[in-house]
Amino acid sequence: MDEPLRRLVAEHAATGRLPGRAAVEECRAIGESAAVRGVPLRVLVDDALAAADGTAVPALRRLVAALMDGYEAAQHAALRSEEVARKEFVDDLLQGRAERLAERAEHFGLRLAESYVVAVASGMKDGDQDRIERDLVARFGSHNILVAGRDALLVCVSPATLPAAVGEFTHHVRARFAPGWRVAVGRAQRGPGGVVASFREAERALELAGRLGLAAPVVKAADLLVFPVLLRDRAAIEDLVDSVLSPLLGARGGHEPLLETLAAVFAVHGNQAAAARRLGVSTRTVTYRLERIRRLTGFSPDEPTQRFTLETAVLGARLLDWPPA
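The structure presented is a predicted model; accordingly, all values stated were derived computationally and were not measured.

**Q** I'd like a rundown of the nonpolar core, residues and numbers included.
**A** Burial of nonpolar side chains together is a common tendency in soluble globular proteins. Counting residues in each nonpolar core, the largest one holds 55 residues, and the members touching the most others are Val 120 and Leu 245. At 8 residues, helix H8 (residues 191-212) tops the list of elements feeding residues into this core. Among residues more than four places away in sequence, those in contact with Val 120 are Leu 153, Leu 154, Val 155, Phe 169, Arg 182, Val 183, Ala 184, Phe 199, Ala 202, Glu 203 and Leu 206.

**Q** Talk me through the packing of helix H10 (residues 234-245) against helix H14 (residues 304-320); I want residue IDs and the actual numbers.
**A** Contact pair H10 / H14: the axes reach a minimum separation of 9 Å and the direction vectors enclose 115°. For the pair H10 and H14, the sense of crossing is left-handed. Every residue of H14 that contacts H10 at Arg 234, Ile 237, Glu 238, Leu 240, Val 241, Val 244 and Leu 245 is listed here: Thr 309, Leu 310, Thr 312, Ala 313, Val 314, Gly 316, Ala 317 and Leu 320. Considering only residue class, the contact of H10 with H14 consists of 10 nonpolar, 3 polar and 2 charged.

**Q** Quick rundown of the packing of helix H11 (residues 256-267) against helix H13 (residues 283-297)? Include the residues and the values.
**A** The interhelical angle for the contact between H11 and H13, taken along N-to-C directions, is 110°, at an axis separation of 10 Å. As summarised for this structure, H11 and H13 are arranged roughly perpendicular, according to the angle between their axes. Only Val 286, Arg 289, Leu 290, Arg 292, Ile 293 and Leu 296 of H13 make contact with H11, whose side of the interface consists of Pro 257, Leu 258, Thr 261, Leu 262 and Val 265. Of the residues contributing to the contact of H11 with H13, the split by class is 8 nonpolar, 1 polar and 2 charged.

**Q** Could you give an account of the pairing of strand S1 (residues 115-122), naming the residues involved and the relevant values?
**A** When you tally the buried positions in S1, you get 7 out of 8 residues, the bulk of the element. Bridge count for S1 against strand S5 (residues 189-190) is 2 bridges, and the pairing is antiparallel. Bridge pairing links Tyr 116 to Gln 189 in S5. Pairing of S1 with strand S3 (residues 153-159) involves 7 bridges; the strand directions are antiparallel. Bridge pairing in S3 links Val 118 to Val 157. Summarising the sheet, S1 and strand S4 (residues 182-185) pair through 4 bridges and their orientation is antiparallel. Bridge pairing in S4 places Ala 121 opposite Val 183.

**Q** I'd like to hear about H8, residue by residue, with values.
**A** The end-to-end C-alpha distance of H8 is 31 Å, a good match for the 32 Å that 22 residues give at a rise of 1.5 Å each. One or two steps after H8, the chain reaches Gly 213, where phi turns positive at roughly 70°.

**Q** Pulling in residues and values, what's your account of unusual backbone geometry?
**A** The linkage connecting Trp 322 with the following residue, Pro 323, adopts the cis geometry, with an omega of -5°. Among the structural elements, Pro 323 can be located in the segment after H14. Of note, His 269 is a non-glycine position whose phi angle comes to about 60°, a positive value. At Asp 321, a residue that is not glycine, the phi angle is positive and equals roughly 55°. Locating Asp 321 in the fold gives a position in the segment after H14.

**Q** Just give me the short version of the environment of Ser 33, but keep the residues and values in it.
**A** When you line up the elements, Ser 33 lands in helix H2 (residues 21-37). With 38 residues separating them in the primary sequence, Ser 33 and Tyr 71 have C-alpha atoms 7.5 Å apart.

**Q** Summarise the side chain of His 255; cite the residues concerned and give the values.
**A** Following the sequence through the fold, His 255 ends up in the loop between H10 and H11. The exposure class assigned to His 255 is buried, which follows from its relative accessible area of 13%. The residues touching His 255, leaving out its near neighbours within four places in the chain, are Leu 248, Leu 249 and Pro 323.

**Q** Can you lay out the pattern of salt bridges for me, pointing to particular residues and giving the numbers?
**A** The full count for this structure, using the stated rule, is 11 salt bridges. A salt bridge links Arg 187 to Glu 201, with the nearest nitrogen and oxygen atoms 2.4 Å apart. One end of the pair, Arg 187, is in the loop between S4 and S5; the other, Glu 201, is in helix H8, and 14 residues separate them in sequence. For Glu 201, a relative accessible area of 16% translates into the label buried. Between Arg 204 and Glu 207 there is a salt bridge; the shortest N-O distance is 2.9 Å. Pair noted here: Arg 204 and Glu 207 are both in helix H8, with a separation of 3 residues, about one helical turn. In this structure, a network of salt bridges that share partners links the residues Lys 125, Asp 128 and Arg 131.

Definitions and cut-offs
- Residues numbered from 1 in each chain as written.
- Predicted model: local features only at pLDDT ≥ 70, side-chain atom pairs only at ≥ 80, totals over all residues.
- Heavy atoms only, no water.
- Core = buried A, V, L, I, M, F, W, Y, C linked by side-chain atoms within 4.5 Å.
- Buried < 20%, exposed > 50% of the residue type's maximum accessible area, 1.4 Å probe, protein only.
- Helix = DSSP H or I, 4+ residues; strand = E, 2+ residues; numbered from the N terminus.
- Contact = heavy atoms within 4.5 Å.
- Axes fitted to C-alpha atoms, helices over the stretch in contact; angles between N-to-C directions.
- Left-handed = near helix turned anticlockwise from the far one by under 90°.
- Nonpolar A, V, L, I, M, F, W, Y, C, P; charged D, E, K, R; others polar.
- Parallel < 35°, antiparallel > 145°, perpendicular 65-115°, else oblique.
- Pairing = 2+ DSSP bridges.
- Expected span 1.5 Å × (residues − 1).
- Salt bridge = Lys/Arg side-chain N within 4 Å of Asp/Glu carboxyl O.

Here it is, written out as structure tokens:
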């Protein structure tokens, strides 16, 4: 037991005098010091009770309250410091800043030589991060999961050997985020550079899903690899879009319904009845629009090669925000 604590408690137990401000502050400082040194609070309180020997209850109550205040204050300060360090580490990790990265990663339980998957979620509200982080840590442990907010996104870093973590992350996002949320998942990548690569893939997949108007709330970067390839040769995709879709610009009623019909048909793998339900029109209307598209462009979604050309052109149009306003 700390000698200053023994002295304080014994003095006030003997006299029955309530401790003044100086004694209370000294006791609070003893509590802070004990917390920093890792002394369990139960041990500290037991020692105080033993020193009081069951006497001077009001004085003892005041001293123990101060002791616990100091102890809790030190714990809260440590938690705040840990949160700041965690945020700085995540920022450095996701930006690829390598200063003491491996050493700091071990503190948070990450073994950077392994492969990791990064998932990002849009649509976060205040308070969502803390609740989801608590739930994930409760299931997988603090050394298996890393959750942090970054640029209005919620980021989850988990080992590739723990595939359930991404599913659980998505489950909590679905339960807590506002309507319109979306989760994008990068591919498993190895090492610190792999975490950065997986994060950037997930960010890019999130952006592409929005530009393409994808309905799925969960998208995988692996499923969207073709689109960065298309955009690397922007001149080629622009030429394809203009060559295939420009004839629709002069259509009576505008080009938008025709492009929407093509997108709906491709989304349901050519099922015109299902496309009609997505669009809220009759199947006959879908059939009529597809025939107009065939006459105007010379391409039919019923013919495999032409269908591929049309679908690529429609996706390219979305990527390019075609036609320009």
